[in-house]
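Structural description and commentary
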Amino acid sequence: MKYRTIGADPATRREVSVLALGAMLFGSLTDEKTSFAILDRYVEAGGTFIDTSDNYAFWVDGGQGGQSEELLGRWRRSRGIGDEIVIATKVGARPLAPGTSYTDNPEGLSAKVIREAAERSRERLGVERLDLLYAHIDDHTVPQEETVEGFAALVAEGTVGLLGVSNQAMWRVERARALAAAAGLPGYEVLQYQHSHLRPRFDVPSDLFPDGSLGHAGPELLGYLRAEPALTLVAYSPLLAGAYVRQDKPLPADYDHPGTPARLAALRDVARETGATVNQVVLAWQLGGQAPIVPLAGASSVAQLEENLAAVDLELTADQRARLDGVH
């Protein structure tokens, strides 16, 4: 395994494995025995960065979520896991009532909700401090000052370490960070957005993003990373839920555009040259690039995890990277 540092402040920054493990479906679609086996193998391989949320996976049973955090708490206790493993979680998108969703009834990002949701997450995970806490989605009903101050208060109290943000417009992220900086408060240091080798369309509307996706890492976010080297991108869904390799998993609609075939062809060419799988090439491309990216890949079996782990040691040549980047 290889490692990188997230965060800038010596008091809160953490060294984490370069490959993060997504626990979204642990405790729901992925049963406890399988989830524990995946977690055990990940740690055995040197993995130290696990991702969850307080709303995972509410859509499985129509509830409010919490199954993933609860499973991770049971796993931590049964294995004697301490703070050597960094567990990131998120608040803001938990449905307030069963049968609802984050699009019509989210918990939001008021200071009160941030505090109460973080406390529930700490209890489920069985930790005194949340290593990394994200604002899962935006909340335009609450002044950003309140959200910024709400997160910062938990850092000051020592119940939260690093702060992160996901699925928000870059102008909102920068405004929140500027408010924090002006007030001398900790701000977002980790950005979690969907990012893969294929480039998506950004004009496809959804219930959460009526004007087009704000959840993908696009040119503004990648340029932001170059301008602010202390930031880190945690790239979720790097393998597009299996769509690169599974015939029964078509590519999502927002990848249906003229640029996709050429990038797919480059991926397959490099996979043939290296003897690696297409999934491994995608992860290696993210891991070895200039931008500070931590791929966040889920797994529903130990075999899937093993494939992902092998990507950490896959070294791509400069020529292969240039072709994958579409330079030539």
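Further up the page is the structure itself.
Residues numbered from 1 in each chain as written. Predicted model: local features only at pLDDT ≥ 70, side-chain atom pairs only at ≥ 80, totals over all residues. Heavy atoms only, no water.

1. A short note on the nonpolar core
F49, I50, F151 and L191 are the most contacted members of the largest nonpolar core, which totals 67 residues. Residue contributions to this core peak at 5 residues, all from strand 6 (residues 130–135). Dropping the residues within four chain positions of it, I50 is found in contact with L21, A23, L39, Y42, L72, W75, I85, V86, I87 and A88. (Core = buried A, V, L, I, M, F, W, Y, C linked by side-chain atoms within 4.5 Å. Buried < 20%, exposed > 50% of the residue type's maximum accessible area, 1.4 Å probe, protein only. Helix = DSSP H or I, 4+ residues; strand = E, 2+ residues; numbered from the N terminus. Contact = heavy atoms within 4.5 Å.)

2. Thoughts on a nonpolar patch on the surface
Taken together, the side chains of M24, L29, W59 and V60 present a nonpolar region at the surface, about 380 Å² in accessible area. Positionally, V60 belongs in helix 2 (residues 58–61). (Patch = residues over 30% accessible without salt bridge, like charges linked within 9 Å, V, L, I, M, F, W, Y side chains within 5 Å. Areas by Shrake-Rupley, 256 points an atom, 1.4 Å probe, with all protein chains shown as cover. Salt bridge = Lys/Arg side-chain N within 4 Å of Asp/Glu carboxyl O.)

3. Re the packing of helix 1 (residues 32–44) against helix 3 (residues 67–79)
One way to put it is that helix 1 packs onto helix 3 with a least axis distance of 11 Å and a crossing angle of 60 degrees. Between helix 1 and helix 3, the interaxial angle falls into the category oblique. Relative to helix 3, helix 1 is oriented so that their crossing is right-handed. On helix 3, the residues that touch E32, S35, F36, L39, D40 and V43 of helix 1 are L71, L72, R74, W75, S78 and R79. (Axes fitted to C-alpha atoms, helices over the stretch in contact; angles between N-to-C directions. Parallel < 35°, antiparallel > 145°, perpendicular 65-115°, else oblique. Left-handed = near helix turned anticlockwise from the far one by under 90°.)

4. Remarks on the sheet that holds strand 6
Spatial strand order, 3-4-5-6-7-8-9-10: 8 strands in a closed barrel with parallel pairing. For this sheet the average axis-to-axis angle between neighbouring strands, irrespective of direction, equals 30 degrees. Sheet topology places strand 5 (residues 86–91) next to strand 6; 4 bridges connect them, and they run parallel. From the neighbouring strand, A88 faces strand 6, where its bridge partner is L132. The strands touched by helix 1 are strand 3 (20–22) and strand 4 (49–51); relative to strand 3, the strand with the most contacts, the crossing angle is about 175 degrees. (Pairing = 2+ DSSP bridges.)

5. Some words on the packing of aromatic side chains
Per the counting criterion, the structure on display carries 4 aromatic pairs. A centroid spacing of 6.0 Å and a plane angle of 75 degrees characterise the contact between Y56 and W59, whose relative ring orientation is edge-to-face. Assessed through its relative accessible area of 41%, W59 is described here as partly exposed. Where F58 meets Y102, the ring centres are 5.9 Å apart and the plane angle is 85 degrees; that geometry is what we call edge-to-face. Linking F58 in helix 2 with Y102 in the loop between strand 5 and helix 4 (111–125), this pair joins segments that are 44 residues apart in sequence. Among the aromatic side chains, those forming a connected cluster through ring pairs are Y56, F58, W59 and Y102. (Phe/Tyr/Trp six-rings, centres within 6.5 Å; stacked < 30°, edge-to-face > 60°.)

6. Some details on the environment of G99
With respect to the secondary-structure elements, G99 resides in the loop between strand 5 and helix 4. As for G99 and G63, which are separated by 36 residues in sequence, their C-alpha atoms are 6.1 Å apart.

7. Notes on the pairing of strand 8 (residues 190–194)
A large share of strand 8 lies buried, amounting to 5 of its 5 residues. Side chains of strand 8 alternate between two faces, with V190, Q192 and Q194 and L191 and Y193 buried alike. Of the strand pairs in this sheet, strand 7 (residues 160–166) and strand 8 are connected by 3 bridges, and their pairing is parallel. Across the sheet, the residue bridging to S166 is Q192, located in strand 8.

8. A few points about helix 3
Under the 1.5 Å per step criterion, the end-to-end length of helix 3 is 18 Å for 13 residues, consistent within 8% with the ideal 18 Å. For helix 3, the complete set of buried residues consists of Q67, S68, E69, L71, L72, G73, W75 and R76. The elements touched by buried residues of helix 3 are helix 1, strand 4, helix 2, strand 5 and helix 4. (Expected span 1.5 Å × (residues − 1).)

9. What to know about the packing of helix 6 (residues 170–182) against helix 7 (residues 219–227)
Axis separation between helix 6 and helix 7 bottoms out at 10 Å; the angle between their running directions is 35 degrees. Of the residues in helix 7, those touching helix 6 at M170, V173, E174 and R177 are E220, L221 and Y224. A per-class count over the contact of helix 6 with helix 7 returns 4 nonpolar, no polar and 3 charged. (Nonpolar A, V, L, I, M, F, W, Y, C, P; charged D, E, K, R; others polar.)

10. Examining the side chain of N167
Tracing the backbone shows N167 in the loop between strand 7 and helix 6. Among the polar contacts listed, one links the side chain of N167 to the side chain of Y236, at a separation of 2.9 Å. Those residues in contact with N167, other than ones at most four positions away along the chain, are H136, I137, D138, Q192, Y193, F209, L214, G215 and Y236. (Polar contact = N/O pair within 3.5 Å; in protein donor to acceptor, adjacent residues only side chain to side chain.)

11. Let's talk about helix 5 (residues 144–157)
With 14 residues, helix 5 extends 20 Å from end C-alpha to end C-alpha; this agrees with the ideal 20 Å at 1.5 Å per step. In this structure, the buried residues of helix 5 make contact with strand 5, helix 4, strand 6, strand 7 and helix 6. Just downstream of helix 5, G158 is the residue with a positive phi angle, here 85 degrees.

12. So, the environment of T5
As for its position among the elements, T5 is in strand 1 (residues 3–6). As for T5 and V18, which are separated by 13 residues in sequence, their C-alpha atoms are 9.0 Å apart.

The quantities given are spatial measurements derived from coordinates; they are silent on function.
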